[in-house]
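Listed below, chain by chain, are the residues.
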Amino acid sequence: MRRISWVLLAVVLCLTMILAGCGKKDADSVVKDLGKVADKLEGDKGTYQGAGVMTIHTGATPQEYQVEVWYQSPSYYRISLTNGQKNITQIVLRNDEGVFVLTPSLNKSFRFKSDWPDNQGQVYLYQTLLSSIIGDKNRQFAEDKESYVFDVAANYHSHALVRQKIWLAKDNYSPRQVQVSDSQANVVVDVKFNTFTFDTNLTKESFDTQRNLNAMSESQGTLAEVDENGLPVEPSGEEIAEGTEGILDPVAEKDMGSFGIIEPGYTPAGVAHQETMEIPDSKDHAVILKYNGVYQYTIMESRPLDRAVSLVPGEAIYIDFTTVGLLTGDQQKTLTWTTDGVEYRITSTNLPVEEMVNIAASMQDQSGK
């Protein structure tokens, strides 16, 4: 009887260990599940909404951004990035009409044709995180009490970013945190999601351009519109009667004063600064910096008084994790972006786009001299 009891006890312990092991997942099983989640998001009813805080550790002091992301299948996106310290919000909107970059506080809007974000993933986009995990055959896997943790290669706009750690909730694989690091294992970008919900009640109207423009107009002032040729649409008499301004906004026309000269912190090897020209009597305080050497290019800086809206055959280019630039031109290319009310344009016939982005990124935290 005693021997039977020991045998039964051993069987019970083995069964307990087996059952406990059934609830534990390895990297392969989690990745298999993530593939199913990705397929579901591409289905007819795929949606999600997320919000959190993104911290950038590239400058002298960390910069915090409130991030809000909406997605609806097949390719509707709305990303809102707000810098609380500078009180500036930028919205990237993709719908059937194209891709819009909206800066309501500056009354500026760009619209252009682009396959963004298919060609440029972002740390706060869930599909980008899934793709990074599934596509990295050398992924590292761990887990804590509430999350599965993947350490995978980073594939973003900068080659200086090499690794990223991604925390996914165990119950539904929603993102909890992402840390992107450089080659020295320093965390450059840290995103912490406060909320993330699948199968939300988003509709196609949630991504409607006019609806979003109207919502911003109520709090930030009226944004101008353009037709299919990129030309400003003059408001009708009825709209003016209802208080809609014309193409120029009196607030935007106010002279904010000189911003000085903002010099890039990066210059490509074999290139030197040639000269700086301040445009005399320029209402937008325009400045032109010329560079010569292996590459020849100019940087134009200005603080436009009017609110520009354009529809051009261009491409959306992420300068950093928070600023989207507009790349236009064929033989002669121009990268345009706006930071803190100052508009920048890098123009060149031979400067590679990657170098344009490096120069632009080096100007983000610079102040006028």
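Here is a short report on the structure shown in this document. (Residues numbered from 1 in each chain as written. Predicted model: local features only at pLDDT ≥ 70, side-chain atom pairs only at ≥ 80, totals over all residues. Heavy atoms only, no water.)

### A word on the overall build of the protein
Working step 1: Scanning the protein for helices and strands turns up 7 helices and 19 strands.
Working step 2: A burial count over the protein gives 46% of its 369 residues as buried.
Working step 3: Taking the intrachain contacts of the protein between residues at least 6 apart in sequence as the baseline, contacts between residues at least 24 apart amount to 51%.
Working step 4: When the accessible surface of the protein is summed, it comes to about 19,200 Å², and 51% of that surface belongs to carbon and sulfur atoms. (Helix = DSSP H or I, 4+ residues; strand = E, 2+ residues; numbered from the N terminus. Buried < 20%, exposed > 50% of the residue type's maximum accessible area, 1.4 Å probe, protein only. Contact = heavy atoms within 4.5 Å. Areas by Shrake-Rupley, 256 points an atom, 1.4 Å probe, with all protein chains shown as cover.)

### Remarks on the packing of aromatic side chains
Working step 1: Throughout the structure, instances matching the rule amount to 16 aromatic pairs.
Working step 2: Look at Y126 and F196: their rings are 5.3 Å apart centre to centre, the planes differ by 55°, and that puts the pair in the tilted class. Taken as a pair, Y126 in helix 3 (residues 126–135) and F196 in strand 11 (residues 187–198) lie far apart in primary sequence, 70 residues in all.
Working step 3: The buried category is assigned to Y126, whose relative accessible area is 0%.
Working step 4: Look at F196 and F198: their rings are 5.3 Å apart centre to centre, the planes differ by 70°, and that puts the pair in the edge-to-face class. Of the two residues, F196 and F198, both sit in the buried class.
Working step 5: By the ring-pair criterion, three or more aromatic residues cluster together here, those being Y48, Y71, Y77, Y126, F193, F196 and F198.
Working step 6: Just above the ring of W70 sits the side chain of R78; from NZ or CZ to the centre is 4.7 Å.
Working step 7: Over the face of the ring belonging to Y148 we find K170, whose NZ or CZ atom lies 5.7 Å from the ring centre. (Phe/Tyr/Trp six-rings, centres within 6.5 Å; stacked < 30°, edge-to-face > 60°. Lys NZ or Arg CZ within 6 Å of the ring centre and 35° of its normal.)

### A few points about unusual backbone geometry
Working step 1: The residue after S73, namely P74, is reached through a cis peptide bond having omega 10°.
Working step 2: You can see P74 is positioned in the loop between strand 2 (63–72) and strand 3 (76–83).
Working step 3: Within the chain, A185 stands out as a residue other than glycine whose phi angle is a positive 65°.
Working step 4: Relative to the assigned elements, A185 resides in the loop between strand 10 (175–182) and strand 11.
Working step 5: According to the relative accessible area criterion, A185 is exposed, its value standing at 60%.
Working step 6: Phi is positive for D199, which is not a glycine, with a value near 55°.
Working step 7: Following the sequence through the fold, D199 ends up in the loop between strand 11 and helix 4 (209–220).

### Remarks on the sheet that holds strand 17 (residues 324–328)
Working step 1: In spatial order, the strands read 12-13-14-19-18-17-16; together these 7 strands make up an open sheet with antiparallel pairing. Both edges of this open sheet fall to strand 12 (271–278) and strand 16 (315–318), since each of them pairs with a single strand only. On average, each strand axis in the sheet is inclined to that of its neighbour by 20°, with strand direction left out of account.
Working step 2: Bridge count between strand 17 and strand 18 (residues 333–339): 3 bridges; the pairing is antiparallel. (Pairing = 2+ DSSP bridges. Axes fitted to C-alpha atoms, helices over the stretch in contact; angles between N-to-C directions.)

### Re helix 2 (residues 27–41)
Working step 1: Counted at 1.5 Å a residue, the expected span for helix 2 with its 15 residues is 21 Å, and the 21 Å between its end C-alpha atoms agrees.
Working step 2: Residues of helix 2 that are buried include every one of A27, V30, V31, D33, L34, V37, A38 and L41, and no others. Burial along helix 2 is one-sided: seen end-on, the buried residues are contained in an arc of 160°. The exposed set on the far side of helix 2, more than 90 degrees from its buried face, consists of D28, K32, K36, D39 and K40. (Expected span 1.5 Å × (residues − 1). Arc of directions from axis to C-beta.)

### Examining helix 7 (residues 353–362)
The α-helix winds at 3.6 residues per turn, so residues separated by three or four positions along the chain end up facing the same way.
Working step 1: For helix 7, the set of buried residues is E355, M356, V357, I359, A360 and S362.
Working step 2: Buried residues along helix 7 sit against strand 14 (297–302), strand 16, strand 17, strand 18 and strand 19 (342–348).

### A word on the pattern of salt bridges
One side chain can pair with another of opposite charge once the charged atoms of both are near each other.
Working step 1: In total, this model carries 9 salt bridges according to the counting rule given.
Working step 2: The residue E68 makes a salt bridge to R78 at a minimum N-O spacing of 3.4 Å. Within this pair, whereas E68 is found in strand 2, its partner R78 is found in strand 3, the two being separated by 10 residues in sequence.
Working step 3: A salt bridge links K204 to D96; the nearest nitrogen and oxygen atoms lie 3.0 Å apart. Of this pair, K204 sits in the loop between strand 11 and helix 4 while D96 sits in the loop between strand 4 (88–95) and strand 5 (98–103), and the two are 108 residues apart along the sequence.
Working step 4: On the accessibility criterion, K204 (46% relative accessible area) is partly exposed.
Working step 5: By relative accessible area, which is 55% here, D96 ends up exposed. (Salt bridge = Lys/Arg side-chain N within 4 Å of Asp/Glu carboxyl O.)

### Focus on the nonpolar core
Working step 1: Y48, M54, V123, Y124 and Y126 are the most contacted members of the largest nonpolar core, which totals 51 residues.
Working step 2: When near neighbours in sequence (up to four residues on either side) are disregarded, Y126 contacts L34, V37, L41, Y48, L168, Y173, S174, P175, F196 and F198.
Working step 3: Core analysis: the second largest hydrophobic core is formed by 23 residues, I261, I319, W337 and M363 among them. (Core = buried A, V, L, I, M, F, W, Y, C linked by side-chain atoms within 4.5 Å.)

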